[in-house]
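Close look at the chain arrangement
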Amino acid sequence: PRYVGTARGAVAPYAARKDLNQTDFEPIGNIPQVAHTYAYLEETYGALNEHQLGIAESTCSGVFGALPLGVPNGTALLSVDVLTQIAMERATKSRDAVAMMGALAEQHGFYGAGSFEGTAESLLVSDPAEAWIFHILPDPTGTSAIWAAQRVPDD
């Protein structure tokens, strides 16, 4: 579901609609904030930031699954959409975005979409100089992640 609330700023489309019985989202966890973040375009997933870091997403099958914190038996903090948003806010290079998303998912846990869509994700992460394929799924415990990345060759 899309974000509902005003914690990200006074943006009317994100405000809870009382006529739909919406309430502000409650955070399920947090990570340390950084001193500066970058502007970015979002389409549920982080799409492109002010340094031309771009991400494209594809859901895929995964052998392991996990649930988000805040639901019964939930063990993981981060989903792929949140990972891409953090990468957009904090990285200028695709290589750095990939390493950051992998490290955060290992530390805080990763959960995929689940159901018929699959519990793993594949991202194309690019900047003007290089591009990477990043694949991620929950680990068997549901409290970390398994991920791999490979640079896309220039030729």
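Presented here is an overview of the structure given in this document. The model shown is predicted, which means the values in this text are computed figures rather than measured ones.

1. Digging into the side chain of aspartate 139
Relative to the helices and strands, aspartate 139 is located in the loop between strand E5 (131-138) and strand E6 (145-151). Despite its burial, aspartate 139 pairs with no opposite charge; the closest candidate is arginine 90, at 21 Å N-O. From its side chain, aspartate 139 meets the backbone nitrogen of threonine 143 in a polar contact 3.2 Å long. With near-sequence residues (within four places) excluded, aspartate 139 lies in contact with Phe64, Ser144, Ala145 and Ile146.

2. Here's the deal with the packing of helix H1 (residues 80-90) against helix H2 (residues 94-108)
H2 packs onto H1 with a crossing angle of 135 degrees between their chain directions and a minimal axis gap of 9 Å. Viewed along their axes, H1 and H2 adopt a mutual orientation that is oblique. Relative to H2, H1 is oriented so that their crossing is right-handed. Only Ala97, Met100, Met101, Leu104 and Ala105 of H2 make contact with H1, whose side of the interface consists of Leu83, Thr84, Ile86, Ala87 and Arg90. Residues belonging to the contact of H1 with H2 are distributed by class as follows: eight nonpolar, one polar and one charged.

3. Digging into the pattern of salt bridges
Overall, the coordinates contain four salt bridges when judged by the stated rule. Across the pair arginine 17 and aspartate 19 runs a salt bridge, and its minimum N-O distance is 2.7 Å. For arginine 17, a relative accessible area of 40% gives the class partly exposed. Linking glutamate 130 and arginine 95 is a salt bridge whose minimum nitrogen-to-oxygen distance equals 3.0 Å. One end of the pair, glutamate 130, is in the loop between strand E4 (120-126) and E5; the other, arginine 95, is in helix H2, and 35 residues separate them in sequence.

4. So, H2
Under the 1.5 Å per step criterion, the end-to-end length of H2 is 21 Å for 15 residues, consistent within 8% with the ideal 21 Å. Buried within H2 are the following residues: Ser94, Ala97, Val98, Met101, Gly102, Leu104, Ala105 and His108. When H2 is viewed along its axis, its buried side chains cluster within an angular range of 165 degrees and face the same direction. In this structure, the buried side of H2 is in contact with strand E3 (54-60), H1, E4, E5 and E6. Downstream of H2 by a residue or two, glycine 109 has a phi angle that is positive, lying close to 90 degrees.

Definitions and cut-offs
Residues numbered from 1 in each chain as written. Predicted model: local features only at pLDDT ≥ 70, side-chain atom pairs only at ≥ 80, totals over all residues. Heavy atoms only, no water. Helix = DSSP H or I, 4+ residues; strand = E, 2+ residues; numbered from the N terminus. Buried < 20%, exposed > 50% of the residue type's maximum accessible area, 1.4 Å probe, protein only. Lys, Arg positive; Asp, Glu negative; His and termini not counted. Salt bridge = Lys/Arg side-chain N within 4 Å of Asp/Glu carboxyl O. Polar contact = N/O pair within 3.5 Å; in protein donor to acceptor, adjacent residues only side chain to side chain. Contact = heavy atoms within 4.5 Å. Axes fitted to C-alpha atoms, helices over the stretch in contact; angles between N-to-C directions. Parallel < 35°, antiparallel > 145°, perpendicular 65-115°, else oblique. Left-handed = near helix turned anticlockwise from the far one by under 90°. Nonpolar A, V, L, I, M, F, W, Y, C, P; charged D, E, K, R; others polar. Expected span 1.5 Å × (residues − 1). Arc of directions from axis to C-beta.

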